[in-house]
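Single-letter residue listing:
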Amino acid sequence: MDGMTPRTLACLWLTLLFTLPAQASSQLALDKGCYSCHGEPPRRNAPGMAQLAADYARYRGQADAPQRLAEKLREGGLFAHIAAHERLSQEECITLMRWIIEGAK
Ligand code: HEC
């Protein structure tokens, strides 16, 4: 094939490298039922996933942000105890926080 220069291949490889982890995380969000409240339209007082990503974009580049946010989310607020948040393992939650910070795609 003419189009398959080494450069095209390198491009494809890079695309795969960057999209696979993101897809795994969105699958995790699906599996954990995040979209049942943070979907479009979001349920009751829950922000939509795009809204969350827009809020969390300000944490980009802060290495410890996913961990801090994960701890906060799993603890639950004073009034909002959300089982779907508290059931996450610390690792799952960090993965999801990192994914949301990067745009929740
Ligand atoms: C039962 C509904 C429900 C489900 C399911 C749910 N959430 Fe939430 N979530 C909420 C509500 C309501 C808020 C806003 C109140 C709050 O901050 O506690 C919220 C807030 C958040 C926030 C913002 C916290 C902050 O203030 O910084 C994040 C991030 C979040 N959810 C992520 C998730 C993820 C990831 C999942 C899937 C594991 C999930 N949520 C599942 C209802 C839900």
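The structure we're discussing is the one just above.
Let me begin by describing the structure that accompanies this report. (Residues numbered from 1 in each chain as written. Predicted model: local features only at pLDDT ≥ 70, side-chain atom pairs only at ≥ 80, totals over all residues.)

### Overview of the nonpolar core
Alright, step 1. Formed by 13 residues in total, the largest nonpolar core has its most connected members in Ala70, Cys93, Leu96, Met97 and Ile100.
Alright, step 2. For this core, the secondary structure elements donating two or more residues are α3 (49-56), α4 (65-75) and α6 (90-101).
Alright, step 3. The greatest single-element share of this core, amounting to 7 residues, is contributed by α6.
Alright, step 4. Those residues in contact with leucine 96 that lie beyond four places of it in its chain are Ser25, Leu28 and Ala29. (Core = buried A, V, L, I, M, F, W, Y, C linked by C-beta atoms within 7 Å. Buried ≥ 20, exposed ≤ 12 C-beta atoms within 10 Å, placed from the backbone. Helix = DSSP H or I, 4+ residues; strand = E, 2+ residues; numbered from the N terminus. Contact = placed C-beta atoms within 7 Å.)

### Quick word on the packing of α4 against α6
Alright, step 1. Closest axis-to-axis distance for the α4/α6 pair is 8 Å, and the angle between their directions is 120°. In terms of orientation, α4 lies oblique with respect to α6. Helix-helix and strand crossings are classified by hand; for α4 and α6 the assignment is right-handed. Of the residues in α6, those touching α4 at Ala65, Pro66, Gln67, Leu69, Ala70, Leu73 and Arg74 are Gln90, Cys93, Ile94, Met97, Arg98 and Ile101.
Alright, step 2. Residues that form the contact of α4 with α6 fall into these classes: 9 nonpolar, 2 polar and 2 charged. (Axes fitted to C-alpha atoms, helices over the stretch in contact; angles between N-to-C directions. Parallel < 35°, antiparallel > 145°, perpendicular 65-115°, else oblique. Left-handed = near helix turned anticlockwise from the far one by under 90°. Nonpolar A, V, L, I, M, F, W, Y, C, P; charged D, E, K, R; others polar.)

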